[in-house]
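# Summary of structural features
Here are the chains, one letter per residue:
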Amino acid sequence: MYQHIVVLTGAGISAESGLRTFRDQDGLWEEHHIEDVATPEGYAKDAELVERFYNSRWQQLNSGSVEPNAAHVALAKLEAEFPGQLLVVTQNIDNLHERAGSKRLLHMHGELTKGRCPRSQQTFTLREPYGPNNCCTCCIPAQRLRPHVVWFGEMPLGMDKIHQALDNCDLFIAIGTSGTVYPAAGFVDIVNHHGKQTVEVNLMPADRHSQFQYHLTGKAGDIVPKLVEVILSGNVVGTDLAAS
C-alpha cells in the first residue's frame, strides 16, 4: 500500500468545470499577448489592463456557474480517507480544490482569490475586484494589491516543500497538465530517479517521449474517482487501469 502520494493538477481538471484556460491555440492569453498580462513588466506598464484580465476570471469563478467536478471531489475524498501522507500541488489559480474539501494543498502559481501587497508580500483575501481602491492594510500608505499570481519570470511558490514531497513519495499522479512547462515538467523525473511509480491522467494520449510509467487517457472526472478507489482499497495502480 502507498505511504506518501503527490498529485499535480493542471488546467485540464479546471476546464472540466467550465473555467476558461489561459492559453488559446494561437498562443494568446484570452486575446492578449502573454507579456502584456502575465509579466511584472506588463503590470508595471499597464496595471489596469492586467487587473481587468484577472478580474474577468475572478468574476467567472464567483458567478455561481463554476463548481468542483468529480475529480476535485475524488481528490478531497482521497485526502480524507488515505491513511498515509498526501500533497496536492496545483498549477491552477482557482479555488475549486478548496471548495471540494481539499486542505493539504499547495498553489504553486498563486491564487486568484487573493491579492498581494507588493511591499510586504502579505496576502489578502480578495473581496472585490482588483483596482486602485483595493489596497493592503499592512502598510502606511496602503499599497495597491497586485494579483497573487506567479507571472513569467517569477519563481513558483513552495518549491522546497514540493521537492521534499517528491523525494519522499512512492506514487506521483499528474492530472490534466501538459507536462511541458518547467519546473513542473521535471517532477516526474525526480520521482523516476527514486524508482517510484508515476501515473498520468490526460485527455490526450501519451506522448511517445513521456516519462510516466502509466497513462490513463480520458476525462479527469471519469478516471480520477476510479483511481482513488483503487488506492483506497489498498491496491497498486497497474496496467489494468492504463489506457495505453
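Just above sits the structure.
These lines cover the structure that appears in this document, whether it is placed above or below. (Residues numbered from 1 in each chain as written. Predicted model: local features only at pLDDT ≥ 70, side-chain atom pairs only at ≥ 80, totals over all residues. Heavy atoms only, no water.)

Moving on, we come to empty space enclosed by the protein. Scanning all chains against the criterion turns up one cavity of 30 Å³ or more. Its volume calculated, the largest cavity comes out at about 30 Å³. If you trace the largest cavity, you find it lined by Val-7, Leu-75, Leu-78, Ile-173, Ile-175, Val-224, Leu-227, Val-228 and Ile-231. Within the residue set of the lining of the largest cavity, elements represented by two or more residues are helix H5 (70-81), strand S7 (171-175) and helix H9 (220-232). (1 Å grid on protein atoms, 1.4 Å probe; cavity = no way out; pocket = protein on both sides within 12 Å on 5 of 7 lines; lining within 4 Å. Points joined across faces, edges and corners; volume = space filled by probe spheres on them. Helix = DSSP H or I, 4+ residues; strand = E, 2+ residues; numbered from the N terminus.)

Moving on, we come to the sheet that holds strand S5 (residues 123-125). Strand pairing in a sheet relies on backbone hydrogen bonds, with the paired strands running either antiparallel or parallel. The antiparallel open sheet is built from three strands, whose spatial order is S5-S4-S6. Each end of this open sheet is capped by a strand with a single partner; those strands are S5 and strand S6 (146-149). Across the sheet, the mean angle from the axis of one strand to that of its neighbour is 55°, orientation sign disregarded. Those strands touched by helix H4 (residues 47-61) are strand S4 (110-116) and S6, and its axis lies near 125° from that of S4. (Pairing = 2+ DSSP bridges. Axes fitted to C-alpha atoms, helices over the stretch in contact; angles between N-to-C directions. Contact = heavy atoms within 4.5 Å.)

Further remarks concern the packing of H5 against H9. Interaxial distance between H5 and H9 falls to 7 Å at its minimum, and their mutual angle equals 15°. In terms of orientation, H5 lies roughly parallel with respect to H9. Of the two possible hands of crossing, H5 and H9 adopt the one that is left-handed. The residues of H9 that touch H5, namely those facing Ala-70, Ala-71, Ala-74, Leu-75, Lys-77, Leu-78 and Glu-81, are Ala-220, Gly-221, Val-224, Pro-225, Val-228, Glu-229, Ile-231 and Leu-232. (Parallel < 35°, antiparallel > 145°, perpendicular 65-115°, else oblique. Left-handed = near helix turned anticlockwise from the far one by under 90°.)

Mapping His-148 onto the fold places it in strand S6. You can call His-148 buried: its relative accessible area is 8%. Along the primary structure His-148 and Ser-210 are separated by 62 residues, whereas in three dimensions their C-alpha atoms are 32 Å apart. Aside from chain neighbours lying at most four places away, what touches His-148 is His-109, Gly-110, Glu-111, Lys-114, Gly-115, Arg-116, Thr-123, Tyr-130 and Leu-157. A distance of 2.8 Å separates a polar atom in the side chain of His-148 from a polar atom in the side chain of Arg-116. (Buried < 20%, exposed > 50% of the residue type's maximum accessible area, 1.4 Å probe, protein only. Polar contact = N/O pair within 3.5 Å; in protein donor to acceptor, adjacent residues only side chain to side chain.)

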